[in-house]
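Residue strings, one per chain:
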Amino acid sequence: MNITIIGSGNVGGALAVGFRKAGHSVILGVKDPALPFKGKDLALEYNFPFYAIPEAVQKSDVVVIAAPAHFAHEIAQTLGDVKGKVIIDTMNAVMKKPAHYTNASEAILDNCNSTDVVKCFNTTGAENMANPHYDTTPLDMFVAGDSVKGKQVAMQLAKDIGFGNCYDFGGNDKFSLLEQFALAWINLAMMQKMGRNIGFKLLKR
Ligand SMILES: NC(=O)c1ccc[n+]([C@@H]2O[C@H](COP(=O)([O-])OP(=O)(O)OC[C@H]3O[C@@H](n4cnc5c(N)ncnc54)[C@H](OP(=O)(O)O)[C@@H]3O)[C@@H](O)[C@H]2O)c1
């Protein structure tokens, strides 16, 4: 797949490297390519091309957004024509929410012309996205959204970077629940002081 990643910090950087290792083509979308940005060293190390956001978005079929969630609506307005493109929102509006929205994915859907917006890669720490394996057991990932195409793409990418499974959490009405699920991970890792090397695995019988 051709993937543009907007926000190349902890999450965007881990996903960029994972997608590249899985054989996908990755470019970075940045606020201003002439200025420093958080993932610039990574971009130079891995030779990820980087462009201003609208230009980067036009070069890809899949757009991953991994920036602060309260900018979600503003970032969505800068994407340009994204009709038919899959947008994967990794963001959690747990501290500051985008103005007038309860979660980041709704803010994106409302402010761009893609209907294929899904939330994924938000329910675990960036370290787990870089390496989802605990000994021989891979963590699981979760995805929500109405877009069948978007969910298929996110599920494939999650498996490509090593997650055991990527479970369907439901439609757009589950965006907020998936952010709350992320808050459960944050609570255990930070507030309950279990540390960031923990993650979720779904068991069935
Ligand atoms: N950290 C985690 O373990 C984790 C796990 C799951 C989900 N998340 C979610 O993932 C998102 C990113 O978290 P992170 O820890 O990766 O953050 P981070 O390391 O601080 O990186 C944020 C990135 O967003 C970019 N950015 C900031 N404002 C922007 C804007 N207005 N337009 C475009 N790009 C912008 C930054 O670029 P500049 O350097 O140019 O400012 C930077 O590359 C958050 O919403 C967070 O809730 C984080």
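Up top you'll find the structure we're talking about.
Note that the coordinates shown come from a computational prediction; the quantities given were computed from them, not determined experimentally. (Residues numbered from 1 in each chain as written. Predicted model: local features only at pLDDT ≥ 70, side-chain atom pairs only at ≥ 80, totals over all residues. Heavy atoms only, no water.)

Participant: How should I be thinking about the overall build of the chain in this particular structure?
Facilitator: Across its full length, the chain holds 8 helices and 10 strands. Projected onto its principal axes, the C-alpha positions of the chain cover 45 × 40 × 30 Å. Across the 205 residues in the chain, those meeting the buried criterion constitute 49%. A fraction of 67% describes how many contacts in the chain between residues 6 or more apart in sequence connect residues 24 or more apart. About 9800 Å² of surface is accessible on the chain, with carbon and sulfur atoms providing 54% of the total. In the chain, which carries 20 positive and 19 negative side-chain charges, the distance between the mean positions of the two groups comes to 4 Å. (Helix = DSSP H or I, 4+ residues; strand = E, 2+ residues; numbered from the N terminus. Buried < 20%, exposed > 50% of the residue type's maximum accessible area, 1.4 Å probe, protein only. Contact = heavy atoms within 4.5 Å. Areas by Shrake-Rupley, 256 points an atom, 1.4 Å probe, with all protein chains shown as cover. Lys, Arg positive; Asp, Glu negative; His and termini not counted. Charge placed at Lys NZ, Arg CZ, Asp CG, Glu CD.)

Participant: Help me understand the site of the ligand in this model?
Facilitator: If you check the shell around the ligand, you find 25 residues, and the closest are Ser8, Val11, Lys38, Ala67 and Arg196. At 2.8 Å from an oxygen atom of the ligand is found a side-chain nitrogen or oxygen belonging to Arg196. Computed on the free molecule, the ligand has an accessible area of 900 Å², of which 78% lies beneath the protein chains in the complex. Put simply, the parts of the chain that give the shell around the ligand at least two residues each are helix H1 (10-21) and helix H6 (126-130). (Near = heavy atom within 4 Å. Polar contact = N/O pair within 3.5 Å; in protein donor to acceptor, adjacent residues only side chain to side chain.)

Participant: Please explain the packing of aromatic side chains as it appears in this structure.
Facilitator: What characterises a pair of aromatic rings is the spacing of the ring centres plus the angle enclosed by the ring planes. Following the criterion strictly, the structure yields 8 aromatic pairs and no others. Each ring, one from Phe142 and one from Phe169, has its centre 5.8 Å from the other, and the planes form 75°; the classification is edge-to-face. Of the two residues, Phe142 is situated in strand S9 (residues 141-144) and Phe169 in strand S10 (residues 166-170); the sequence distance between them amounts to 27 residues. Judged by centre distance (5.1 Å) and plane angle (70°), the rings of Phe142 and Phe181 are edge-to-face. Of this pair, Phe142 sits in strand S9 while Phe181 is found in helix H8 (residues 175-191), placing the two residues 39 residues apart along the sequence. (Phe/Tyr/Trp six-rings, centres within 6.5 Å; stacked < 30°, edge-to-face > 60°.)

Participant: Could you clarify how one ought to interpret the nonpolar core in this entry?
Facilitator: Most often, soluble globular proteins have nonpolar side chains that are buried together. Counting residues in hydrophobic clusters, the biggest one holds 31 residues, and the most contacted among them are Ile5, Phe19, Leu28, Ile88 and Phe121. Taken together, the elements giving at least two residues each to this core come down to strand S1 (2-6), H1, strand S2 (25-30), strand S4 (62-65), strand S5 (86-89), strand S6 (117-120), S9 and helix H7 (148-160). The contacts of Phe19, once residues within four sequence positions are left out, are Ile3, Ile5, His24, Val26, Val64, Phe121, Leu157 and Ile161. Listed in part, the 21 residues of the second largest apolar core include Ile65, Leu79, Met91 and Ala104. (Core = buried A, V, L, I, M, F, W, Y, C linked by side-chain atoms within 4.5 Å.)

Participant: Honestly, the environment of Asn2 in this entry has me stumped. Any pointers?
Facilitator: Inspection of the secondary structure puts Asn2 in strand S1. We classify Asn2 as partly exposed; its relative accessible area is 32%. As for Asn2 and Lys174, which are separated by 172 residues in sequence, their C-alpha atoms are 27 Å apart. Discounting chain neighbours no more than four positions away, the residues touching Asn2 are Ser25, Lys59, Ser60, Asp61 and Val62.

Participant: In this structure, what is going on with H8? I would like to understand it.
Facilitator: Side chains three or four residues apart in an α-helix point the same way, a direct result of the helix having 3.6 residues per turn. An ideal rise of 1.5 Å per residue puts 24 Å on 17 residues; H8 measures up with 23 Å between its terminal C-alpha atoms. Listing the buried residues of H8 in full gives Phe175, Leu178, Glu179, Ala182, Trp185 and Ala189. Buried positions in H8, seen along its axis, are confined to an arc of 105° and lie on one side of it. Contacts made by the buried residues of H8 are with helix H5 (104-110), S6, H6, S9 and S10. Lys193 occupies a position one or two residues after H8 and carries a positive phi of about 60°. (Expected span 1.5 Å × (residues − 1). Arc of directions from axis to C-beta.)

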